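Coordinate inspection notes
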Amino acid sequence: MNKQKFRIHHINFFQPEAKSIHCVAFENNTKKLAVARSDFSIEIWNLSNTHFLESVIPGDPSSSVEAVVWCNGRLFSCGLQGYISEYDLLRLVPKYSVPVTSGPAWCQGFNERKSLLAVGTEDGYVCLFHVQDDGVDFEKTFDRQEGRILCLAWHKSGDILVTGSIDTIRIWNVHTGHAKDRIIVGRLERNTETIVWCLAVTSDLTIISGDSWGRTSFWDAETGTLEMGVRSHKADVLALCLTEDENSVYTSGVDPIVIQFTRVPTQRVQREGRLQWVRSMQRVLHTHDVRSLAVAGEFLVTGGVDTNLVLSKYPPKICLKYPPFIQSQLTHIAHAARCILLQYSRKLELWRLGDTTGENEHNSSVIHIMTITTSGRHLVTANIAGYINVYNLKEYKFLYSLPHYVCPPTALGVNSLMKNIVVIYSDQRLVEYSLEKQEYTAWMRQMQKDRVSLGLSRYSPITEVSFDPNNKSLIILHDDSSVFLLDKSCMLVEKHTKQTRSVHEKDINHQISPEVKGRVNKLVRKCTKFKHLLSFNNLENDEFVAVEITPSQILDKLPPLLKQKKFGT
């Protein structure tokens, strides 16, 4: 492939507003991560393959989101308005809201069976709700305690609930609603309260707490005694989470350090099966405070006031930072005074001046990507269920769907020269489909036959597909920081050999001969000169426009105290 030369106009006047992360929640079954931000919006991230922002539930200025939690694919929140809400994940709006007893709600959590939801309130009540298929029913209120309930955690049995407040941890009998024991966590200064910010309970009745003195403490729930206490952070320990096997716990707080504690057998066994916790590792994952934690499969997810969402493998080997992306509610305008309006819905609405018509989306799910051909004749939409649908805009009718794929798409585009649809899925699979012939293109079939991989990043999703009007064989892809030029005219010559089945950069020097390596490098070229690239599109001829956010633009939106100059940067 001849070296491609473009004239690129860099645009970085786009100014995103910094939105700190209040809390996160991960559901392992659906691989969905909910991220609640300071404007009370909730982002839904799909972590099943490459991690991409699937949808956003807009925030309501009249309410707040203090805690989010998943229940078998359903999402719930609570806040200072004194209600718990379940969300419609298709329409991306609250489905209903139910009041709790006495004032603002600070925390919530489901039992292991996902049948009961406990909510802690400002006035010291634990409200228990029974979860039904179509909503939640109030069941009872526990005895009132002094002071607000700021955190809670269930024991796996579902019989015991633990709550944290000022100076105190209480252990509750779920069936009676009475406190069976109380642990006084202790003050470091006589006249300064200790706030218990976060809790976890292990199956062997070890209670783990994080407090306002920066301590992570391990308590024996049966005796109420302190087993181990560590001043793990400079100030408040605001979040902690357990791995699924309960062999590691991570804590974070008002400094950029995340501490890992690991369980090891102890020689001084108090009772059979008792394990001891030891501090085994610390690692800086953020440049600023870490306010929320969640274990997401093989990743530890952290969120902080610097607005970044960070995914790191534990033990940490890979660290991925996601800036505060803004997913716009796109409105596409076509010619002849016709426009298509998409409002975070599974419905596609077609509007014309003077009248409106509505088309239900085939294979209903949330539509998150769509594009119109340059002729204005066809509309192509993609939904998070993995369906790609084509519509005729002249006749306002559905035409056909592309062959369904199990992964959701992250980007699509239409090559007006070739009349082909190009789709990238979350597992980085690329598909090229003929718009007119309604079948895979010959190039695509050859790629599938030879099992050719494009070698795209495993962790960063492709967010846009564009084309070169002067080169019908060129497909241009980009993710957050790189632009990939895919030249179909440089298809590999070697076929049906193990050497040509992968072109991942990490494999090139080990599995592919120098001769084949040269052809591999011609198939996909990569440019990594960008930071937080939002769009890369053709303007005219050989001119392209790159819209990006620089790291300094994000930092400039943070409060002065959060800007830290690091040595050598």
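One structure accompanies this document, and this report is about it. (Residues numbered from 1 in each chain as written. Predicted model: local features only at pLDDT ≥ 70, side-chain atom pairs only at ≥ 80, totals over all residues. Heavy atoms only, no water.)

We now examine the packing of aromatic side chains. Within the structure shown, the criterion is met by twelve aromatic pairs. When the ring of Phe76 is compared with that of Phe110, the centres are 5.3 Å apart and the planes differ by 65°; the resulting orientation is edge-to-face. Of this pair, Phe76 sits in strand β7 (residues 74-78) while Phe110 sits in strand β10 (residues 105-110), and the two are 34 residues apart along the sequence. For the pair formed by Phe76 and Phe110, the shared burial category is buried. Plain terms: the ring middles of Tyr400 and Tyr433 are 6.2 Å apart, the flat faces sit at 40° to each other, and that makes the pair tilted. Note that Tyr400 is positioned in strand β37 (residues 397-401) and Tyr433 in strand β40 (residues 430-434), a separation of 33 residues in sequence. The class of Tyr400 is buried, set by a relative accessible area of 8%. (Phe/Tyr/Trp six-rings, centres within 6.5 Å; stacked < 30°, edge-to-face > 60°. Helix = DSSP H or I, 4+ residues; strand = E, 2+ residues; numbered from the N terminus. Buried < 20%, exposed > 50% of the residue type's maximum accessible area, 1.4 Å probe, protein only.)

This brings us to the sheet that holds strand β13 (residues 135-141). Across the sheet, four strands lie side by side as β10-β11-β12-β13; this open sheet has antiparallel pairing. Single-partner strands in this sheet number two, and they are β10 and β13. Each strand of the sheet is rotated relative to its neighbour by a mean of 25°, with strand direction disregarded. Judged from the five bridges that link them, strand β11 (residues 116-121) and strand β12 (residues 126-132) form a sheet pairing that is antiparallel. The residue of β12 that forms the bridge with Leu117 is Phe129. (Pairing = 2+ DSSP bridges. Axes fitted to C-alpha atoms, helices over the stretch in contact; angles between N-to-C directions.)

Let us look at unusual backbone geometry. Its identity is not glycine, yet Lys114 carries a phi of approximately 60°, on the positive side. Take Lys114: it is sitting in the loop between β10 and β11. Note on Lys114: relative accessible area 29%, which makes it partly exposed. We note that Gln428 has phi near 70°; this positive angle belongs to a residue other than glycine. Within the fold, Gln428 resides in the loop between β39 (420-425) and β40. Judged by its relative accessible area of 12%, Gln428 is buried.

Across all of its chains, the model carries 14 salt bridges by this definition. In this structure, Glu54 and Lys32 form a salt bridge, with 3.2 Å as the shortest nitrogen-oxygen distance. Of this pair, Glu54 sits in strand β5 (residues 52-57) while Lys32 sits in strand β3 (residues 32-37), placing them 22 residues apart in sequence. We classify Lys32 as buried; its relative accessible area is 18%. Several salt bridges share partner residues, and in doing so they unite Lys156, Asp204, Glu246 and Arg263 into one network. (Salt bridge = Lys/Arg side-chain N within 4 Å of Asp/Glu carboxyl O.)

Among the six residues that make up strand β8 (residues 83-88), five are buried, leaving the element largely enclosed by the rest of the structure. Note that β7 and β8 share three bridges and pair antiparallel. Looking at β8, one finds that Ser77 is bridged to Ser85. Counted between consecutive antiparallel strands, the loop separating β7 from β8 contains four residues, among which Gly82 sits at a positive phi close to 85°. For β8 and strand β9 (residues 93-99), the ladder comprises six bridges, and the chain directions are antiparallel. For Ile84, the partnering residue across the bridge sits in β9 and is Val98. Where β8 folds back on β9, the antiparallel hairpin that results is connected by four residues, among which Leu92 adopts a positive phi of roughly 60°.

What follows is about helix α1 (residues 442-450). The α-helix winds at 3.6 residues per turn, so residues separated by three or four positions along the chain end up facing the same way. Of the positions making up α1, those classed as buried are Trp443, Met444, Met447 and Asp450. The buried residues of α1 all sit within an arc of 135° when viewed along its axis, so they share a single face. Exposed side chains of α1 directed beyond 90 degrees from the buried face belong to Ala442 and Lys449. The secondary structure elements touched by the buried residues of α1 are β40, β41 (439-440) and β44 (483-487). (Arc of directions from axis to C-beta. Contact = heavy atoms within 4.5 Å.)

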